Amino acid sequence: MELIDTGFPGLWVIEPKVFRDDRGFFLETYNKQKFRENGLDVDFVQDNHAYSGGVGVLRGLHFQLPPHAQAKLVWVTRGAVVDVVVDLRKGSPTYLKWHRVELSADNFRRLFIPRGFAHGYETLSEETEFIYKVDSGYAPGCEGGIRWDDPDLSIPWKAETPILSEKDTGLPTLSEFDTPFEFEA
């Protein structure tokens, strides 16, 4: 696998080695030893699988608060998304900046997201399946998020009127959120 530097400390685009032949393809979706060899010492404890029907479904921007903050490894197995993260770690050189990358079933890319980032994605396909591994289990009392359309972020989403959950429409803006996340160099 190849790690591609995003310019955000700890945030990596991962390009797995894909073996193709007349039958199809094979790849490793995750290899703990290879992650450790590349400085990503994370112990994933839960895998999640989300399906979205329709172009313009937007999920996010979500995170879990300490002590149940989550690092994530995310990818798409059907369709495509624009995946967006926002660095919420005080003291980070990329604090309150966002990064986006297209993840698709065709490009096989993964995104490793360290703790302290808000995360969301917008579907680009009629049918999208999104997979992610997390290093801390779901803790409902620690759910958090910021608005997808926060004016201080000005993220250029593709859909003018995305399909949102009721919960996501009620998330606070950055100015209403006091981040508990701290950058650790």
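Residues numbered from 1 in each chain as written. Predicted model: local features only at pLDDT ≥ 70, side-chain atom pairs only at ≥ 80, totals over all residues. Heavy atoms only, no water.

Draft legend 1. Layout of the overall build of the protein chain. In terms of helices and strands, the protein chain carries two helices and 13 strands. A compact globule built from 185 residues would reach a C-alpha radius of gyration of about 16 Å, and the protein chain, at 16 Å, matches this within 12%. Projected onto its principal axes, the C-alpha positions of the protein chain cover 55 × 40 × 30 Å. Buried residues in the protein chain amount to 48% of all 185 residues. For the protein chain, contacts bridging at least 24 residues in sequence account for 79% of all contacts bridging at least 6. (Helix = DSSP H or I, 4+ residues; strand = E, 2+ residues; numbered from the N terminus. Rg over C-alpha atoms; globule rule 2.2 N^0.38 Å. Buried < 20%, exposed > 50% of the residue type's maximum accessible area, 1.4 Å probe, protein only. Contact = heavy atoms within 4.5 Å.)

Draft legend 2. Main features of empty space enclosed by the protein. Enumeration over the complete set of coordinates arrives at one cavity of 30 Å³ or more. Considering only enclosed or pocket space, the largest cavity measures out at about 70 Å³ in volume. Along its surface, the largest cavity is lined by 13 residues, and Phe 63, Gln 64, Gln 70, Lys 72 and Phe 117 are the ones closest to its centre. Put simply, the parts of the chain that give the lining of the largest cavity at least two residues each are β6 (58–64) and β11 (117–123). It is β6 that provides the largest number of residues to the lining of the largest cavity, a total of three residues. Residue composition of the lining of the largest cavity, grouped by class: six nonpolar, five polar and two charged. (1 Å grid on protein atoms, 1.4 Å probe; cavity = no way out; pocket = protein on both sides within 12 Å on 5 of 7 lines; lining within 4 Å. Points joined across faces, edges and corners; volume = space filled by probe spheres on them. Nonpolar A, V, L, I, M, F, W, Y, C, P; charged D, E, K, R; others polar.)

Draft legend 3. Summary view of the packing of aromatic side chains. Tallied over the entire structure, the rule returns ten aromatic pairs. Measuring from ring centre to ring centre gives 3.9 Å for Tyr 121 and Phe 130, while their planes differ by 15°; the resulting arrangement is stacked. Overall, Tyr 121 belongs to the buried group, its relative accessible area being 5%. Within the aromatic cluster, the residues linked to one another by ring pairs are Tyr 30, Phe 35, Phe 44 and Phe 112. (Phe/Tyr/Trp six-rings, centres within 6.5 Å; stacked < 30°, edge-to-face > 60°.)

Draft legend 4. Examining the pairing of strand β7 (residues 72–78) more closely. Burial within β7 is extensive, with five of its seven residues counted as buried. Alignment of β7 against strand β10 (residues 110–113), held across four bridges, turns out to be antiparallel. Counted as the bridge partner of Lys 72 is Ile 113 from β10. Alignment of β7 against strand β12 (residues 127–134), held across six bridges, turns out to be antiparallel. Bridge pairing in β12 places Lys 72 opposite Val 134. (Pairing = 2+ DSSP bridges.)

Draft legend 5. Representation of the side chain of Lys 72 in the model. In this fold, Lys 72 is placed in strand β7. Put simply, Lys 72 is tucked away with no salt bridge, and the nearest opposite charge, on Asp 83, sits 8.4 Å away. Once residues lying within four places of it in the same chain are set aside, the contact partners of Lys 72 are Phe 44, His 62, Leu 111, Phe 112, Ile 113, His 119, Tyr 132, Lys 133 and Val 134. (Lys, Arg positive; Asp, Glu negative; His and termini not counted. Salt bridge = Lys/Arg side-chain N within 4 Å of Asp/Glu carboxyl O.)

Draft legend 6. Focus on the sheet that holds strand β2 (residues 12–15). The strand order β1-β2-β10-β7-β12-β5 describes an open sheet built from six strands, whose pairing is antiparallel. Looking along the sheet, the strands with just one partner apiece sit at the ends: β1 (2–5) and β5 (46–53). Each strand axis lies, on average, 25° off the axis of its neighbour in the sheet, ignoring direction. Across three bridges, the pairing between β2 and β10 is antiparallel. Considered in β10, the bridge of Ile 14 is made with Arg 110. (Axes fitted to C-alpha atoms, helices over the stretch in contact; angles between N-to-C directions.)

Draft legend 7. Seen up close, the pattern of salt bridges. Going through the model one piece at a time under the given rule, you end up with 13 salt bridges. A salt bridge links Asp 87 to Arg 89; the shortest N-O distance between them is 2.8 Å. A relative accessible area of 7% means that Arg 89 is categorised as buried. Its salt-bridge partner being Arg 115, residue Asp 135 comes within 3.0 Å of it at the nearest N-O pair. Taken together, the positions of Asp 135 in the loop between β12 and β13 (143–145) and Arg 115 in the loop between β10 and β11 put the pair 20 residues apart, joining distant regions of the chain. The class for Asp 135 is buried, based on a relative accessible area of 14%. For Arg 115, a relative accessible area of 41% translates into the label partly exposed. A cluster of three or more residues bridged by salt bridges with shared partners is formed by Arg 78, Glu 127 and Glu 129.

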